[in-house]
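Working through the structure, step by step
Each chain, written out:
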2 protein chains.
Amino acid sequence: MKFCSECAGPVSLRVPEGDDRPRYVCDSCCTIHYQNPNIVAGCIAEWEGRILLCRRAIEPRHGLWTLPAGFMELGETTQQAATRETLEEARARVELDALYAVFNLPHINQVYMLFRGRLLGPDFSAGEESLEVALFDRDSVPWDALAFQVVAETLKLYFGEQPGGRYGLYVGDIERLSREPLRYRTRYL
Amino acid sequence: MKFCSECAGPVSLRVPEGDDRPRYVCDSCCTIHYQNPNIVAGCIAEWEGRILLCRRAIEPRHGLWTLPAGFMELGETTQQAATRETLEEARARVELDALYAVFNLPHINQVYMLFRGRLLGPDFSAGEESLEVALFDRDSVPWDALAFQVVAETLKLYFGEQPGGRYGLYVGDIERLSREPLRYRTRYL
Ligand SMILES: [Zn+2]
Ligand SMILES: [Zn+2]
């Protein structure tokens, strides 16, 4: 951020009076421009014991597999965002059952909110941001070709549930320990 | 938003190519300025069967009671945000046990994430944004002087739990039906 979105004046990074951390503050009109983490909402959509994954047609991680998920938009709920992303990326209709996992990714200022759900039918196909879409069980998941650590963590949790048991609700923090090589640590509340 | 925060050029509200909703797009450098909902993280902090509420020293709802909660900051987890807000608003140290409730407030583009926790001791006092801080049980909660609908919903859920039972995890949507008179509808997933 270099300029004020209200008056086009220059902004400075400084601690406003009464605050305790630096913000972008307009030198002209004094507007404080707060920045906050974003929610990524997504879905574990099951059909006859298998779940839906999408192979990414976009960067980052083009060609790798992910759960349908994306940035929550203004005016919607997290459930609407999860359902919309599943429709957009996998052309699939889903009914949500419950919140399943929340992951904090503080190094990129994202909070994933992943819901469990059921496909309303076996109809799905690649949306514009997907190369292909398919159903996987635990043994067929492309574990070495998953796009994101948060997806790997979620699938490990989900396929680790006791058959016929009660699903958990997980809150995890995924911390990036290093970039080269890329290493993460996940801790659960 | 009137000007581009990258180049100070004017922005227009229009649907970018490949997108499906209007965004603020810079007429000069073509930067797309996305806007997304914010997370409000907070805490139900218990001490000997009573929970901590803060009476607000700031607008909106000056003088009314609320749970310690506030906007999540860049670089932190939702749990860190909830713990920090409890420290700032109630000068109280808390250990979180679990996520308890998620509320979507689409009319103001906020998602509340409220954690259950225990005070580490009976030490608390009003922070800068509070007039007073106190512990309440179900019968002493100032039900007619709560600051926000989301606080009322959360306290109803929390004090409605079975004694000695297992706590639930709730995902609710609070919809504002009208502004005058102020009326809401809450639905749970
Ligand atoms: Zn300005
Ligand atoms: Zn620009």
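Parameters at a glance
Per chain, residue numbering runs from 1 following the sequence as it is written. Chain letters and ligand numbers both follow the written order, the letters beginning at A and the numbers at 1. The predicted nature of this model means local features are confined to residues of pLDDT at least 70 and side-chain atom pairs, given and counted, to a pLDDT of 80 or more, with totals for whole chains, interfaces and linings taken over all residues. By convention in this description, side-chain values take in all heavy atoms of the structure and omit both hydrogens and water. UniProt positions are given in the numbering used here, feature names are shortened, and annotations may be inferred rather than shown by experiment. A least-squares fit on C-alpha atoms brings the copies together, and the residues used are those whose pLDDT is at least 70 in both copies. We call two residues in contact when some of their heavy atoms are within 4.5 Å. Defined in terms of a 1.4 Å probe, buried area is the accessible area two parts forfeit on being brought together, summed over both. The term salt bridge refers to a side-chain nitrogen of Lys or Arg lying within 4 Å of a carboxyl oxygen of Asp or Glu. Pairs of N or O atoms are called polar contacts if they sit within 3.5 Å, as long as, within protein, a hydrogen donor faces a hydrogen acceptor (for residues adjacent in sequence, only side-chain-to-side-chain pairs). Gly counts as polar in this scheme, as do all residues outside two lists: the nonpolar Ala, Val, Leu, Ile, Met, Phe, Trp, Tyr, Cys and Pro, and the charged Asp, Glu, Lys and Arg. Ligating atoms shown are N, O and S within 2.8 Å of the metal, or 3.2 Å for Na, K and Ca, and water is not included, meaning a site may look less than complete. Every geometry call rests on angle ranges, with four donors termed tetrahedral when all angles are between 85 and 135 degrees, four termed square planar and six termed octahedral when opposite donors are over 155 degrees apart and all others are between 65 and 115, and everything else termed irregular. Here the term buried applies to any residue with accessible area under 20% of the maximum for its type, exposed to any over 50%, and partly exposed to those in between, with areas from a 1.4 Å probe on protein chains only. Counting from the N terminus, the helices are the DSSP runs of H or I reaching at least four residues and the strands are the DSSP runs of E reaching at least two. At least two DSSP bridges between two strands are required for those strands to pair. Sulfur atoms of two cysteines make up a disulfide when they are within 2.5 Å.

Going by the annotation in an unreviewed UniProt entry, the name recorded for chain A is NUDIX domain-containing protein, with Thiohalobacter thiocyanaticus given as the source organism. In its Cofactor (unreviewed entry) section, UniProt records this for chain A: "Mg(2+)".

Re the relation of the copies chain B and chain A
Expressed as a screw transformation, the operator carrying chain B onto chain A has a rotation angle of 180° and an axial translation of 0.0 Å, and the superposed copies differ by an RMSD of 0.0 Å. Within this description, the copies of the chain are treated as partners about a two-fold rotation axis. When the interface residues of chain B are mapped onto chain A, 100% of them are again interface residues, pointing to one common binding face.

Quick notes on the interface of chain B and chain A
Chain B puts 43 residues into the contact, and the matching count from chain A is 43 residues. Buried area between chain B and chain A, summed over both chains or domains, comes out near 3800 Å², and the portion from carbon and sulfur atoms is 55%. When the buried area of chain B at its contact with chain A is split by residue, Glu73, Leu74 and Leu189 of chain B rank highest and sum to 15% of it. On the surface where chain B and chain A come into contact, there are 6 salt bridges. The shortest N-O distance in the salt bridge between Lys2 of chain B and Glu6 of chain A comes to 3.1 Å. On inspection of chain B and its partner chain A, the count reaches 18 residue pairs in polar contact (both at pLDDT 80 or more). In terms of residue class, the side of chain B that touches chain A is built from 21 nonpolar, 10 polar and 12 charged.

Let's talk about the coordination of the zinc ion (ligand 2)
Residue and element names in this part refer to chain B. On the protein side, the zinc ion (ligand 2) has Cys4 (SG), Cys7 (SG), Cys26 (SG) and Cys29 (SG) as donor atoms, found 2.3 Å from it. If you look at the zinc ion (ligand 2), its 4 donor atoms make angles of 96 to 117° with each other, and the shape they trace is tetrahedral. On the basis of relative accessible area, Cys4 is assigned to the buried category, the value being 0%.

Looking at the environment of Pro106 of chain B
Structurally, Pro106 of chain B is set in the loop between β8 (94-105) and β9 (110-119). Pro106 of chain B sits in the partly exposed class, given a relative accessible area of 22%. The spacing of Pro106 of chain B and Arg56 of chain B is 50 residues in sequence and 23 Å in space, taken between C-alpha atoms. Those residues in contact with Pro106 of chain B, other than ones at most four positions away along the chain, are Gly75, Glu76 and Thr77 of chain A together with Ile174 of chain B.

Side note on the pairing of strand β11 (residues 170-178) of chain A
Residues and elements named next belong to chain A. Where strand β8 (residues 94-105) meets β11, 4 bridges bridge the pair, whose relative direction is parallel. Paired with Ala101 across the bridge in β11 is Tyr170. The pairing of β11 with strand β12 (residues 183-188) spans 6 bridges and is antiparallel. Looking at β12, one finds that Ile174 is bridged to Thr186. Once β11 ends, the chain turns through 4 residues before running back antiparallel as β12.

A look at the state of the cysteines
Residue and element names in this part refer to chain A. This model, assessed by the stated rule, comprises 0 disulfides over all chains. With no disulfide of its own, Cys30 has Cys29 as its nearest cysteine by sulfur position, at a separation of 6.8 Å. Classification of Cys30 by relative accessible area gives exposed; the value is 51%.

Comments concerning the coordination of the zinc ion (ligand 1)
All names here are of chain A. Surrounding the zinc ion (ligand 1) are the protein donor atoms Cys4 (SG), Cys7 (SG), Cys26 (SG) and Cys29 (SG), which sit 2.3 Å from the metal. Coordination at the zinc ion (ligand 1) comes from 4 donor atoms whose angles at the metal span 96 to 116°, giving a geometry best classed as tetrahedral. Here the donor residues of the zinc ion (ligand 1) share one chain and are spaced in sequence as C-x2-C-x18-C-x2-C. Of this pair, Cys4 sits in the segment before β1 (11-14) while Cys29 sits in the loop between β2 (23-26) and β3 (32-33), and the two are 25 residues apart along the sequence. For Cys29, a relative accessible area of 35% puts it in the partly exposed group.

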